[in-house]
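The primary structure of each chain is shown beneath.
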Amino acid sequence: MSSPKLLKLSEVLAELDMSRAAFYRMRARGLGPRVVKLPNHQIRVRRADLDAWLADQEEQLAA
C-alpha cells in the first residue's frame, strides 16, 4: 500500500494561486486545508485533504 501523496507548500500555493502570507492568514483563521507538520517544521498537505477542502469550498459557494 502506498503512502498518501504529500504536497509541498509551494505546490499548494501554485494550485490555489495564493501567496504564502495569504495562506498563513487563512490557516490562522482556521479556514485552510489540514496540514501535516514535519519534524523539521515544514508543512505538507495531503492531496486527499486538499481535494476535500476544495470540494467543500465549491459547495459553500454554490449554497
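Rules used in this analysis
- Residues numbered from 1 in each chain as written.
- Predicted model: local features only at pLDDT ≥ 70, side-chain atom pairs only at ≥ 80, totals over all residues.
- Heavy atoms only, no water.
- Buried < 20%, exposed > 50% of the residue type's maximum accessible area, 1.4 Å probe, protein only.
- Helix = DSSP H or I, 4+ residues; strand = E, 2+ residues; numbered from the N terminus.
- Arc of directions from axis to C-beta.
- Contact = heavy atoms within 4.5 Å.
- Core = buried A, V, L, I, M, F, W, Y, C linked by side-chain atoms within 4.5 Å.
- Pairing = 2+ DSSP bridges.
- Axes fitted to C-alpha atoms, helices over the stretch in contact; angles between N-to-C directions.
- Polar contact = N/O pair within 3.5 Å; in protein donor to acceptor, adjacent residues only side chain to side chain.
- Expected span 1.5 Å × (residues − 1).

Looking at helix α2 (residues 20-28)
For an α-helix, the turn length of 3.6 residues means that residues three or four places apart are oriented alike.
At step 1: Inspection of α2 places A22, F23 and M26 among the buried residues, and these make up the whole buried set. Each buried residue of α2 lies within a common arc of 100° when the element is viewed along its axis, so the set occupies one face.
At step 2: Those residues of α2 that are buried are in contact with α1 (9-16), β3 (43-46) and α3 (47-62).
At step 3: In the segment just after α2, G30 is the residue with positive phi, at about 75°.

Digging into the nonpolar core
At step 1: Judged by nonpolar contacts, L7, L9, V12, L13, L16, F23, M26, I43, V45, L50 and W53 together constitute the single largest core of 11 residues.
At step 2: If you list the elements that add at least two residues to this core, you get α1, α2, β3 and α3.
At step 3: Those residues in contact with L9, other than ones at most four positions away along the chain, are R20, F23, Y24 and I43.

As for the sheet that holds strand β2 (residues 36-37)
At step 1: Spatially, β1-β3-β2 is the arrangement adopted by the three strands of the open sheet, whose pairing is antiparallel. The two strands at the open ends of the sheet, each matched to only one other strand, are β1 (6-8) and β2.
At step 2: For β1 and β3, the ladder comprises three bridges, and the chain directions are antiparallel. Residue pairing across strands places L6 opposite R46, the latter belonging to β3.
At step 3: Strands β1 and β3 of the sheet are contacted by α3, whose axis makes an angle of about 65° with β3.

With respect to the environment of N40
At step 1: By secondary structure assignment, the location of N40 is in the loop between β2 and β3.
At step 2: The spatial distance from the C-alpha of N40 to the C-alpha of E15 is 24 Å, given a sequence separation of 25 residues.
At step 3: Here the side chain of N40 touches Q42 through a polar contact of 3.1 Å, landing on its backbone nitrogen.

Regarding α3
At step 1: With 16 residues, α3 should cover 22 Å at 1.5 Å per step; its first-to-last C-alpha distance of 23 Å lies within 8% of that length.
At step 2: Structurally, α3 contributes buried residues whose contacts are with β1, α1, α2 and β3.

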